[in-house]
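Commentary on secondary and tertiary structure
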Amino acid sequence: MKLKISQKELLKHINIAQKAVSSRTTIQILEGILFIAEENCLRLVATDLELIVDTRANCEIYEKGQIVINSSMIGNIIRKLPDDDIYIEVDDNNINIKCLSTEFNIQGQDSNEFPSLPYIDKDVKLTLEQSELRDSIRKTSFATSMDQTRPDLTGVLFNIMNDRIEFVALDGYRVSLDCMSNVSEFEMKAIVPARALNEVYKILEEGEITLNIITGNIIFKLENTDVYSRLIDGQYIDYNQVMKQDFSTVVTIEKRALQMALERASLMAKEDKANLVKLDFSGNELHISSNTDIGKVDEYVKCEIGGEDLKIAFNAKYLLDGLKVIDDDDITLNMSGSLRPMVFKPLNDTNYTYLVLPVKLAGGNND
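The residue numbering used here restarts from 1 in each chain and proceeds along that chain's sequence as written. Restriction of local features to residues with pLDDT of at least 70 applies here, the model being predicted, together with a cutoff of 80 or more for giving and counting side-chain atom pairs; totals for whole chains, interfaces and linings are based on all residues. Remark: hydrogens and water are excluded; side-chain values derive from all non-hydrogen atoms of the structure.

1. A short note on the overall build of the chain
A tally of regular secondary structure across the chain gives 7 helices and 26 strands. Restricting the contact set of the chain to residue pairs at least 6 apart, pairs at least 24 apart contribute 66%. For accessible areas, the Shrake-Rupley method is used with a probe of radius 1.4 Å. Any residue's cover is judged against the shown protein chains and nothing else. Surface accessibility of the chain: about 18000 Å² in total, with carbon and sulfur atoms responsible for 44%. Under the counting rule used here, the positive set is Lys and Arg, the negative set is Asp and Glu, and His together with the chain ends is not counted. Taken as the charge centre is NZ of Lys, CZ of Arg, CG of Asp or CD of Glu, depending on the residue. Averaging the positions of the 40 positive and the 59 negative side-chain charges in the chain gives two centres separated by 3 Å. Numbering of helices and strands runs from the N terminus, with a helix taken as a DSSP run of H or I at least four residues long and a strand as a DSSP run of E at least two residues long. Here, residues are in contact when the closest pair of their heavy atoms is within 4.5 Å.

So this is what it looks like as structure tokens:
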């Protein structure tokens, strides 16, 4: 194996490949990146057995071959080299790296020990805009659960229908749903791990991305990088039943004003175990309060209230998480009693919905 590549190009693709390298693995080969010198490019492949990144760098190949190099070592070396051409030559497992007046000689590992990529048989293929996928990941992945005893809730559901795709995340306390228009010839559901989506999010740019859903796996195909992820087995909760309710109180409010008021109120709420804030909708005003052992805070925000006045309480973090991903200036808060969920909706975006369960206060009511 023998090649020439620019320092910037190699470092860029090492950084991408490292997204799939686990820092906690006990399998030595998985601490490395598989370098494959092919006809017109250098492929870098990394995996932790759940996630695989296969990225392709432009370079000059003088001799084909492959070798596994420790991810941390090669990343640190290339990061410190000058911004110039790098020459890499491999003889057996001995790797020679030269750049200007600097030369490294390090040991690699046999590539035969590295896990192979999943076999692609008959698959489902979708083509999406990267910007739209990025937006849907941003609006949903934060609401997945960290509880590994419920693996189905640690991922985002891709509910693919003939005319749209619904992206759904929930953790038992809130539901985040974003909808993307998309014409498809098939219908299916797949639960994609949030970790994989968060890594894909970091490398999305502009243009199109192709999604291939094969047996047990999903592949995100960009121009120079493929990200493979295992799908999560399990039956996803029927979120449509949770979303269905008749609202007795509908509030229109400026998003930024509500967010800033909640952020100030949560400074006090954080001192309380439940991160509790109380919301009192009355007249044309929202009164937000938090009362803890160290003090009390009161916030007042103008709003338009349709229907019944209402007092209700929430974990402040869950409210803020949903507000932060909404881009509209104004939102509606839809409620049907102090013990039923609140549903956030952007005023001018029918594709996004965020639902939060209230906190039941001592005494059995939220008055």
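2. Examining the domain arrangement of the chain
Domain start and stop points were drawn from an automatic or database domain assignment. Assigned domains of the chain: these are domain 1 (2–113), domain 2 (125–238) and domain 3 (245–356). If you average the C-alpha positions of domain 1 and of domain 3, the two centres end up 50 Å apart.

3. Here's the deal with the packing of helix α3 (residues 130–140) against helix α4 (residues 194–203)
Helix-helix packing is characterised by the crossing angle of the two axes and by the distance between the axes. Packing of α3 against α4 brings their axes to within 10 Å, and their N-to-C directions diverge by 140°. Put simply, α3 runs oblique to α4. Our pair here, α3 against α4, has a crossing hand that is left-handed. Contacts between α3 and α4 involve Gln130, Arg134, Ile137 and Arg138 from the former and Leu197, Asn198, Tyr201 and Ile203 from the latter. For every element, the axis is a line fit to its C-alpha atoms; helices are fit only across the contacting stretch, and the angle between N-to-C directions ranges from 0 to 180 degrees. Between 65 and 115 degrees an angle is taken as roughly perpendicular, under 35 as roughly parallel, over 145 as roughly antiparallel, and anywhere else as oblique. The hand of a helix crossing depends on one turn: near helix anticlockwise from the far one by less than a right angle means left-handed, and clockwise means right-handed.

4. Concerning the UniProt feature "domain: DNA polymerase III beta sliding clamp central" (unreviewed entry) in the chain
UniProt positions are given in the numbering used here, feature names are shortened, and annotations may be inferred rather than shown by experiment. The UniProt record annotates "domain: DNA polymerase III beta sliding clamp central" (unreviewed entry) at residues 127–236. Taken end to end, residues 127–236 has its terminal C-alpha atoms 24 Å apart, with 19% of it in helix and 44% in strand.

5. Notes on the pairing of strand β26 (residues 352–356)
Relative accessibility thresholds used throughout: buried, under 20% of the residue-type maximum; exposed, over 50%; partly exposed, between the two (1.4 Å probe, protein chains only). Counting buried residues in β26 gives 5 out of 5 residues, a clear majority hidden from the surface. Following DSSP output, two strands are said to pair if at least two bridges run between them. As paired strands, strand β13 (residues 174–181) and β26 are joined by 5 bridges and run antiparallel to one another. Bridging across to β26, aspartate 178 finds its partner in tyrosine 352. One ladder, built from 3 bridges, connects strand β25 (residues 342–346) with β26; its direction is antiparallel. Across the sheet, residue methionine 342 finds its bridge partner in β26, namely valine 356. In this structure, the hairpin formed by β25 and β26 is closed by a connection of 5 residues.

6. Quick notes on helix α7 (residues 316–324)
In terms of burial, α7 is a largely internal element, 7 of the 9 residues being buried. Residues of α7 that are buried: Ala316, Tyr318, Leu319, Leu320, Asp321, Gly322 and Leu323. N-cap assignment for α7: the residue whose side-chain oxygen lies 2.9 Å from the backbone N of lysine 317 is asparagine 315. Polar contact criterion, stated in full: a pair of N or O atoms within 3.5 Å, where within protein one must be able to donate a hydrogen and the other to accept it, and residues adjacent in sequence count only if both atoms are side-chain atoms.

7. With respect to the UniProt feature "domain: DNA polymerase III beta sliding clamp N-terminal" (unreviewed entry) in the chain
Using the residue numbers shown here, the UniProt feature "domain: DNA polymerase III beta sliding clamp N-terminal" (unreviewed entry) corresponds to residues 1–118. Each end of residues 1–118 is marked by a C-alpha atom, and these two atoms are 25 Å apart; helix forms 18% of the span and strand 47%.

8. Thoughts on the environment of methionine 335
When you line up the elements, methionine 335 lands in strand β24 (residues 330–335). Residues methionine 335 and glutamate 166 lie 169 residues apart in sequence; the distance between their C-alpha atoms is 23 Å. Other than its neighbours up to four places away in sequence, methionine 335 contacts Phe247, Ser248, Thr249, Val251, Phe281, Leu310, Ile312, Pro341 and Met342.

9. Here we look at the packing of aromatic side chains
Stacked, edge-to-face and tilted are the three classes for Phe, Tyr and Trp ring pairs, Trp counted by its six-membered ring, which pair at centre distances within 6.5 Å; planes under 30 degrees apart are stacked, over 60 edge-to-face, the rest tilted. In the structure shown here, the tally under the stated rule is 4 aromatic pairs. With centroids separated by 5.6 Å and ring planes inclined at 25°, the aromatic side chains of tyrosine 173 and tyrosine 318 adopt a geometry described as stacked. Of the two residues, tyrosine 173 is situated in the loop between β12 (164–170) and β13 and tyrosine 318 in helix α7; the sequence distance between them amounts to 145 residues.

10. As for the sheet that holds strand β23 (residues 310–315)
Sheet architecture is open: 4 strands sit in the order β21-β20-β19-β23, paired in antiparallel fashion. Either end of the sheet is taken by a strand with one partner, and the two such strands are β21 (295–302) and β23. Going across the sheet, the axis of each strand differs from the next one's by a mean of 20°, ignoring polarity. Bridging between strand β19 (residues 276–282) and strand β20 (residues 285–292) involves 5 bridges; their strand directions are antiparallel. Its bridge partner lying in β20, leucine 279 is registered against isoleucine 288. The strands touched by helix α6 (residues 255–269) are β19, β20 and β21; relative to β20, the strand with the most contacts, the crossing angle is about 15°. Its contacts with the sheet put α7 on β19 and β23, and the angle it makes with β23 is roughly 90°.

11. Side note on the pattern of salt bridges
Between side chains of opposite charge, a pair can form as their charged atoms come close. Any carboxyl oxygen of Asp or Glu within 4 Å of a side-chain nitrogen of Lys or Arg constitutes a salt bridge here. By the definition in use, this model includes 23 salt bridges. The partner of aspartate 349 in a salt bridge is lysine 139, with the nearest N and O atoms 3.5 Å apart. Highlighted residues: aspartate 349 in the loop between β25 and β26 and lysine 139 in helix α3, separated in sequence by 210 residues. The burial state of aspartate 349 is the same as that of lysine 139; both residues are buried. The partner of arginine 174 in a salt bridge is aspartate 171, with the nearest N and O atoms 2.7 Å apart. According to the relative accessible area criterion, arginine 174 is buried, its value standing at 4%.

12. Points about the nonpolar core
By convention a nonpolar core is built from buried Ala, Val, Leu, Ile, Met, Phe, Trp, Tyr and Cys residues, the set being connected through side-chain atoms within 4.5 Å. Within the largest apolar cluster, 62 residues are counted, with the highest numbers of intra-cluster contacts made by Leu10, Phe35 and Phe220. Top element by residues in this core is helix α1 (residues 7–17). It accounts for 5 residues. Both domains that furnish three or more residues to this core are identified here as domain 1 (2–113) and domain 2 (125–238). If we ignore the near neighbours within four places in the chain, the residues touching leucine 10 are Ile5, Phe35, Leu42, Leu44, Ile78, Ile86 and Ile88. Membership of the second largest hydrophobic core comes to 35 residues, among which are Leu279, Val301, Phe314 and Met335.

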